[in-house]
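Residue-level structure breakdown
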Amino acid sequence: MSGSALYETFARAPLAFDRGEGTWLVTDKGERYLDFAGGIAVNSLGHSHPHLVAALTEQAAKLWHVSNLYEIPEQRRLGERLTEATFADKVFFTNSGAEALECAIKTARRYHFVKGQPERFRIITFEGAFHGRTLATIAAGGQYKYLEGFGPKVEGFDQVAFDDIDAAEKAITPETAAILIEPVQGEGGIRPVPTQSLKRLRQLCDKHGLLLIFDEVQCGIGRTGKLFAHEWTGVTPDLMAIAKGIGGGFPMGACLATDEAATGMTAGVHGTTFGGNPLAMAVGNAVLDVVLADGFLEDVQRKALLLKQGLAAVADEFPDVVEGIRGIGLMLGLKCAMPNTKVNMALRDQHLLAVPAGDNVIRLLPPLTVTDEEIGEALKRIRGGAKGLTDAIAAEAAK
Ligand SMILES: Cc1ncc(COP(=O)(O)O)c(C=O)c1O
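Quick notes on the rules
Residues numbered from 1 in each chain as written. Predicted model: local features only at pLDDT ≥ 70, side-chain atom pairs only at ≥ 80, totals over all residues. Heavy atoms only, no water. Near = heavy atom within 4 Å. Polar contact = N/O pair within 3.5 Å; in protein donor to acceptor, adjacent residues only side chain to side chain. Areas by Shrake-Rupley, 256 points an atom, 1.4 Å probe, with all protein chains shown as cover. Nonpolar A, V, L, I, M, F, W, Y, C, P; charged D, E, K, R; others polar. Helix = DSSP H or I, 4+ residues; strand = E, 2+ residues; numbered from the N terminus. Buried < 20%, exposed > 50% of the residue type's maximum accessible area, 1.4 Å probe, protein only. Contact = heavy atoms within 4.5 Å. Phe/Tyr/Trp six-rings, centres within 6.5 Å; stacked < 30°, edge-to-face > 60°. Lys NZ or Arg CZ within 6 Å of the ring centre and 35° of its normal. Expected span 1.5 Å × (residues − 1). UniProt positions renumbered as here; feature names shortened; annotations may be inferred. Pairing = 2+ DSSP bridges. Axes fitted to C-alpha atoms, helices over the stretch in contact; angles between N-to-C directions. Salt bridge = Lys/Arg side-chain N within 4 Å of Asp/Glu carboxyl O.

Attention now goes to the site of the ligand. Every residue near the ligand is listed here: Ser-96, Gly-97, Ala-98, Phe-130, His-131, Gly-132, Glu-182, Glu-187, Asp-215, Val-217, Gln-218 and Lys-244. A distance of 3.2 Å is found between a nitrogen atom of the ligand and a backbone nitrogen or oxygen belonging to Phe-130. For the ligand, whose free accessible area comes to 390 Å², the fraction covered by protein is 81%. Along the lines of polarity and charge, the residues of the shell around the ligand split into 3 nonpolar, 5 polar and 4 charged.

Okay, the side chain of Arg-202 next. Positionally, Arg-202 belongs in helix H8 (residues 195-208). The exposure class assigned to Arg-202 is buried, which follows from its relative accessible area of 15%. Within polar-contact distance, the side chain of Arg-202 engages the side chain of Asp-206 at 2.9 Å. Not counting residues within four places of it along the chain, the set of residues in contact with Arg-202 comprises Leu-210, Leu-212, Val-235, Thr-236, Pro-237 and Asp-238.

Okay, the packing of aromatic side chains next. This structure, assessed with the given rule, holds 2 aromatic pairs. Centroid distance Phe-17 to Tyr-33: 5.7 Å. Interplanar angle 80°. Geometry classified as edge-to-face. Within this pair, whereas Phe-17 is found in strand S1 (residues 17-21), its partner Tyr-33 is found in strand S3 (residues 32-35), the two being separated by 16 residues in sequence. Residue Tyr-33 is classed as buried on the basis of its relative accessible area of 6%. Relative to Tyr-146, the ring of Phe-130 has its centre 5.5 Å away and its plane inclined at 75°; by these criteria the two rings are edge-to-face. Note that Phe-130 is positioned in the loop between strand S5 (122-126) and helix H5 (135-141) and Tyr-146 in helix H6 (residues 144-147), a separation of 16 residues in sequence. Residues Phe-130 and Tyr-146 agree in their burial class; the two are buried. Above the ring of Trp-24, the side-chain terminus of Arg-32 is found at 4.9 Å from the ring centroid. Above the plane of the ring of Phe-162 lies Arg-191, whose end atom (NZ or CZ) is 4.1 Å from the centre.

This part covers helix H4 (residues 97-114). Between its first and last C-alpha atoms H4 spans 26 Å; for 18 residues at 1.5 Å apiece the expected length is 26 Å, and the two agree. Taken as a whole, H4 has its buried residues at Gly-97, Ala-98, Ala-100, Leu-101, Cys-103, Ala-104, Ile-105, Thr-107, Ala-108, Tyr-111 and His-112. Looking at the residues trailing H4, positive phi occurs at Gly-116, about 85°.

Okay, the environment of Leu-256 next. Residue position: Leu-256 is located in strand S12 (residues 253-257). Residues Leu-256 and Ala-241, 15 residues apart in the sequence, show an inter-C-alpha distance of 6.4 Å.

The next point concerns the UniProt feature "modified residue: N6-(pyridoxal phosphate)lysine" (unreviewed entry) in the chain. When the UniProt feature table is mapped onto this chain, "modified residue: N6-(pyridoxal phosphate)lysine" (unreviewed entry) is found at Lys-244. Relative to the elements of secondary structure, Lys-244 occurs in the loop between strand S11 (239-242) and S12. For Lys-244, the residues in contact, after removing those within four places along its chain, are Ile-40, Ala-41, Val-42, Val-217, Gln-218 and Met-252.

The antiparallel open sheet is built from 4 strands, whose spatial order is S13-S14-S17-S16. The outermost strands of the open sheet, each flanked by one partner alone, are strand S13 (322-328) and strand S16 (355-357). Averaged over all pairs of adjacent strands, the angle between strand axes in this sheet comes to 30°, irrespective of strand direction. Sheet topology places S16 next to strand S17 (residues 361-364); 3 bridges connect them, and they run antiparallel. Each bridged residue has a counterpart across the sheet, and for Pro-356 the counterpart in S17 is Ile-362. Strands in contact with helix H11 (residues 340-349) are strand S14 (331-336), S16 and S17; relative to S17, the strand with the most contacts, it is inclined by about 40°.

Going through the model one piece at a time under the given rule, you end up with 25 salt bridges. Note that Arg-81 is salt-bridged to Asp-289, the shortest N-O span being 2.8 Å. Highlighted residues: Arg-81 in helix H3 (residues 73-84) and Asp-289 in helix H9 (residues 278-291), separated in sequence by 208 residues. Between Arg-302 and Asp-299 there is a salt bridge, and its shortest N-O distance comes to 2.9 Å. A residue pair is termed a helical-turn pair when its members lie 3 or 4 positions apart in one helix, as Arg-302 and Asp-299 do in helix H10 (residues 296-317) at 3 residues. Looking at Arg-302, the relative accessible area reads 40%, which means it is partly exposed. Linked by salt bridges that have partners in common, Asp-18, Arg-19, Glu-21 and Arg-32 make up one network.

Turning our attention to the pairing of S13. The pairing of S13 with S14 spans 6 bridges and is antiparallel. In the sheet register, Ile-328 faces S14, and the bridge partner there is Met-331. Taking the residues that link successive antiparallel strands as the turn, the S13-S14 hairpin has 2 residues, and the phi of Gly-329 there is positive, at about 65°.

Next comes the structure, spelled out in structure tokens:
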């Protein structure tokens, strides 16, 4: 037996946090870290946000769980608020992002089934995508490292190169049901899909009777400075998976659909025990109270610019460490000129937490509530980390 009772599936940093305060995390040894990892875009309102703490504790004292055998008024309310704020007419609540994607995939397949075309079940996806770790979502993501050893890949996913819309068009067959895409790839390395490309995908879907599915699990809920990233493009999907930020740290997700796309999701065809339970719904509603408050998202946009400009200056000053800056809103990536794991370690030494991503990128995903001062402090630490790495390269060269 190895040292731990836990599956060895995670390469964990040797840090254990005892508590969080806004953008800060405090270890069990009392050391403070500036949290620009945000639980991988989950802690949308930082740690211990008073409005979320109040919502959760009030609900915890009243009612935790009843199951979807009964009416859950807070679920109805959150569903109505999400549909009022988006393209969607219908919502199904889940516990995670992968389950929200599973619901979207099932909804798309059922749609064609009830329209008398059960042969249309295939979904086109894009290289670098990440849609979760269930059997269907690793097939959708198409990454060999997540598929290896887990038996036959779930049938029905056809992958084309990132942002290759011509290839997507060529991949459409009489069996195609939908196109699934993250408007901004997260795990894939903070890669926004150009507006023109999303517009073309919408046109392709309309022309061929396909459903367009957006995965906004990571880029949704204010992360890019709009409630949802696709709002920057004017393109709306038929289905959308969300999670992460909507719970602010409480595990929850949702699949949003137009009435038309949800046609096949009739009584009994899908379900969940925990999804949409009163605790999750209390927190989800509380997150929306803050994110939809007047001026909140505009302030996210302002702060994002501040951070991006500061990062661009770091990239200019330390080109051997940071090659460039990419991303939108508070979903920013440092494209590294050296292994991103090394850069991440250097940032952690500066007590700044970030997240490595694909394409040799470091993700910065601070809480949307981050202050100007904290952005300044983070930039100081990133500069410090980059300088240390640059000095080390110079010292090595001088040997
Ligand atoms: C874009 C995207 N989709 C889906 C998922 C899966 O979400 P979960 O880990 O909650 O199942 C993630 C998680 O990182 C994600 O970033």
